[in-house]
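Fold and contact review
Single-letter residue listing:
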Amino acid sequence: MVAEVKAIALLTPVIASNAVFAPRRFEKGVDAIDNGDACYGIMNLDLAAGQTVKGIKATELELAKSVPSAADSIEKLSNSVHSAAGKSKLFGGLCKVVDFTLNNINPIIYLTSFIKFLFSDDKRTTAAEEICGILTMRGFEEFINYYLGISKMKKDPVTKKYVSVAREAGYHKNPFAEKQINAIKDFCETKQLFGKISLKSAPGIAKGLLFAAGSIAGYKLGSWGGHKLFLNDNPA
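Our subject in this report is the structure included herewith.

Each value, and the rule that gives it
Residues numbered from 1 in each chain as written. Predicted model: local features only at pLDDT ≥ 70, side-chain atom pairs only at ≥ 80, totals over all residues. Heavy atoms only, no water. Pairing = 2+ DSSP bridges. Helix = DSSP H or I, 4+ residues; strand = E, 2+ residues; numbered from the N terminus. Phe/Tyr/Trp six-rings, centres within 6.5 Å; stacked < 30°, edge-to-face > 60°. Buried < 20%, exposed > 50% of the residue type's maximum accessible area, 1.4 Å probe, protein only. Polar contact = N/O pair within 3.5 Å; in protein donor to acceptor, adjacent residues only side chain to side chain. Contact = heavy atoms within 4.5 Å.

Points about the pairing of strand E1 (residues 152-155)
When E1 meets strand E2 (residues 162-165), the two strands line up antiparallel, connected through four bridges. By the bridge assignment, lysine 155 is partnered in E2 with tyrosine 162. With antiparallel pairing between neighbouring strands as the criterion, E1 and E2 make up a hairpin whose turn holds six residues, including lysine 160 at a positive phi of roughly 65 degrees.

Here it is in structure tokens:
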């Protein structure tokens, strides 16, 4: 049981963070298409699809440890989708694109930013904001991944199935932080919300939401900083 709980906790942040990222990307995509930026909009919709599927895959791996019947249902649905993809060249092509995006989220994000720059009317502003925004975003993400020890989800090259890879959390090097975080984990292990809902997944969900918030804040801070540093809006 302990091993199962640990396996579930590994993937909960992946589910929580992608539940935040995917709707934001979808909204960006729809808005861009409405504004006539079809290429940038399609790239964002592709990212939204990839992030959604990543969340579903993580959910499937989590449920496989706790509710096998539910995991089987998701796997059957996935098999049905792949079967349908094999019968339609268009649908099959779209599935391959989304699967590629799922495995290459960050490079596709960089490419999407380049597409935004390429079709921008104000390339100087877009370049300053996107480059600084992406760099700061990745910096925030890497720090949160390291400090909280958020696991990675990747496809096994042999079995072609997705697995979770644990990371050692950086907070273990800080005795005070480790004590506080362990206290929160211990509390969640034994408590239930409204006496019915287990809080065992709460720390993992919190990690995922912190990762998403840090990523978004990093991008916004970097974009703002890039605008202030490299664009002479207020000449002396």
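Back to the write-up after that little detour.
A short note on the packing of aromatic side chains
Aromatic ring pairs: the centre-centre distance and the angle between the two ring planes describe each pair. The tally for this structure, following the rule as stated, stands at four aromatic pairs. Residues phenylalanine 21 and phenylalanine 211 carry aromatic rings whose centres are separated by 6.0 Å and whose planes lie at 80 degrees to one another, so their mutual orientation is edge-to-face. One end of the pair, phenylalanine 21, is in helix H1 (residues 2-34); the other, phenylalanine 211, is in helix H8 (residues 202-230), with 190 residues separating them in the sequence. The buried category is assigned to phenylalanine 21, whose relative accessible area is 13%. Under the relative-accessibility criterion, phenylalanine 211 is labelled buried at 13%.

Observations regarding the side chain of glutamate 130
Structurally, glutamate 130 is set in helix H6 (residues 123-148). Note on glutamate 130: relative accessible area 6%, which makes it buried. Within polar-contact distance, the side chain of glutamate 130 engages the side chain of lysine 116 at 3.2 Å. Here glutamate 130 is in contact with Ser113, Lys116 and Tyr219, once residues within four sequence places are set aside.

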